[in-house]
Amino acid sequence: MPNSVEVVQLATQLAWSFEGCELKSYQDSRGIWTIGRGSTFYLDGEKVGPNQTITQGNADLLSTQVLMHCHKQLTSMIPGDLMDVMETGQLAACVDFIYNTGDGPFRTSTLLRHIVNGDMDAAAMEFIKWDHVHIDGKLVESLGLKRRKTAEELLFQGVPIE
């Protein structure tokens, strides 16, 4: 089984390359209050709200802890024998997917179904299908999500992060 620390480090590198860091809360493209490196809630479960601030150190810590939690969620969804044979990049791409999209959508996704069935080629082609966002009740393609999902797909396929 790939080292969980290495998986989370690689997922962190990918996530932070897309998230940036805002130290004052803001509403994302869907109107959800967000802070730091894309966090919509704090570790105690409190949702981010308006006029909140965070230090750089706490933003980084929060993001890292959320990514560690995403890894834990991933390990509960993929059978242990399969986790043992998956590559670090494959797991890191899935951790970033959960960090960005949520564990609920991942849990019910065709992406996970393909992974559990051992069809990694089909799984890799599922990432790009998640490049849309709901805005004002409409499903709209997001260029930022398209770039991120492409990066997740490439990492899943073994291409190193640049």
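What counts, and where the lines are drawn
- In every chain, residue numbers begin from 1 and rise along the written sequence.
- Per-residue local features of the predicted model are confined to residues with pLDDT of at least 70, and side-chain atom pairs are confined, for both listing and counting, to 80 or more; whole-chain, interface and lining totals are unaffected and use all residues.
- Hydrogen atoms and water are omitted, and side-chain values are computed over all heavy atoms in the structure.
- A run of H or I in DSSP becomes a helix once it reaches four residues, and a run of E becomes a strand once it reaches two; helices and strands are each numbered from the N terminus.
- Partly exposed residues are those whose accessible area sits between 20% and 50% of the maximum for their type, while under 20% is buried and over 50% is exposed, using a 1.4 Å probe and protein chains only.
- The criterion used for residue contact is that any of the two residues' heavy atoms lie within 4.5 Å.
- Each accessible area is a Shrake-Rupley estimate made with a 1.4 Å probe; only the visible protein chains count as cover when residues are assessed.
- In this tally Asp and Glu are treated as negative and Lys and Arg as positive; neither His nor the chain ends contributes.
- Working definition for charges: the position is that of NZ of Lys, CZ of Arg, CG of Asp or CD of Glu.
- Each salt bridge in this description consists of a side-chain nitrogen of Lys or Arg and a carboxyl oxygen of Asp or Glu lying within 4 Å of one another.
- Grouping buried Ala, Val, Leu, Ile, Met, Phe, Trp, Tyr and Cys residues that are joined through side-chain atoms within 4.5 Å yields what is termed a nonpolar core.
- Helix axes use the C-alpha atoms of the stretch in contact, all axes being lines fitted to C-alpha atoms, and the angles between their N-to-C directions lie in the range 0 to 180 degrees.
- With respect to orientation, any angle under 35 degrees is reported as roughly parallel, any angle over 145 as roughly antiparallel, any angle of 65 to 115 as roughly perpendicular, and every other angle as oblique.
- Crossings are assigned a handedness: left-handed for a near helix turned anticlockwise from the far helix by less than a right angle, right-handed for a clockwise turn.
- We call Phe, Tyr and Trp rings a pair once their centres come within 6.5 Å, taking the six-membered ring for Trp, and we label the pair stacked below 30 degrees between planes, edge-to-face above 60, and tilted otherwise.

A. The overall build of the protein chain, seen in detail. When helices and strands are tallied, the protein chain shows 8 helices and 4 strands. Considered along the principal axes of its C-alpha atoms, the protein chain spans approximately 45 × 35 × 30 Å. Taking all 162 residues of the protein chain together, 41% fall into the buried category. Once local pairs closer than 6 in sequence are excluded, the contacts in the protein chain between residues at least 24 apart make up 58%. Of the accessible surface of the protein chain, which amounts to about 8700 Å², a share of 53% is contributed by carbon and sulfur atoms. Between the averaged position of the 13 positive side-chain charges in the protein chain and that of its 21 negative side-chain charges there is a distance of 7 Å.

B. Structural view of the pattern of salt bridges. All told, the structure shown has 8 salt bridges when counted by the stated rule. For Asp96, the salt bridge identified is with Arg148, shortest N-O distance 2.7 Å. Taken as a pair, Asp96 in helix α4 (residues 88-101) and Arg148 in helix α8 (residues 143-156) lie far apart in primary sequence, 52 residues in all. Classification of Asp96 as buried rests on a relative accessible area of 0%. Asp103 serves as the salt-bridge partner of Arg107, at 3.7 Å between the closest nitrogen and oxygen. Here Asp103 and Arg107 lie together in helix α5 (residues 103-107), a separation of 4 residues that amounts to about one turn. Because the salt bridges share partners, they merge into one network encompassing Glu19, Asp96 and Arg148.

C. Inspection of the environment of Val116 at higher detail. Along the polypeptide, Val116 turns up in helix α6 (residues 110-116). The exposure class assigned to Val116 is partly exposed, which follows from its relative accessible area of 39%. As for Val116 and Leu67, which are separated by 49 residues in sequence, their C-alpha atoms are 21 Å apart.

D. Molecular detail of unusual backbone geometry. Despite not being glycine, Asn51 shows a phi value in the positive range, around 60°. Mapped onto the elements, Asn51 comes out in the loop between β2 (33-36) and α2 (56-77). Positive phi, normally seen in glycine, also occurs at Asp136, with a value near 50°. Tracing the sequence through the fold places Asp136 in the loop between β3 (132-135) and β4 (138-141). Given a relative accessible area of 76%, Asp136 falls into the exposed group.

E. Structural context of the nonpolar core. Formed by 39 residues in total, the largest nonpolar core has its most connected members in Leu74, Ile78, Met86, Phe106, Ile115 and Phe156. Looking at this core, the elements with two or more residues in it are α1 (4-19), α2, α3 (80-85), α4, α6, α7 (120-124) and α8. With 8 residues, the single largest contributor to this core is α4.

F. Structural view of the packing of α1 against α4. For the pair α1 and α4, the least separation of the axes is 8 Å and the interaxial angle reads 50°. Classed by the angle they form, the pair α1 and α4 counts as oblique. Seen along the crossing, α1 lies across α4 with a hand that is right-handed. On α4, the residues touching Glu6, Val7, Leu10, Ala11, Leu14, Ala15 and Glu19 of α1 are Thr88, Gly89, Leu91, Ala92, Val95, Asp96, Tyr99 and Asn100.

G. Representation of the packing of aromatic side chains within the structure. Under the criterion given, the structure shown has 4 aromatic pairs. Summarising the aromatic geometry, the rings of Phe97 and Phe127 are spaced 6.0 Å apart at their centres and angled 75° between planes, so their arrangement reads as edge-to-face. Taken together, the residues Phe97 in helix α4 and Phe127 in the loop between α7 and β3 connect sequence positions 30 residues apart. Each member of the pair, Phe97 as well as Phe127, is classed as buried. Between the aromatic rings of Phe127 and Phe156, the centroid separation amounts to 5.4 Å while the plane-to-plane angle is 55°, which identifies the pairing as tilted.

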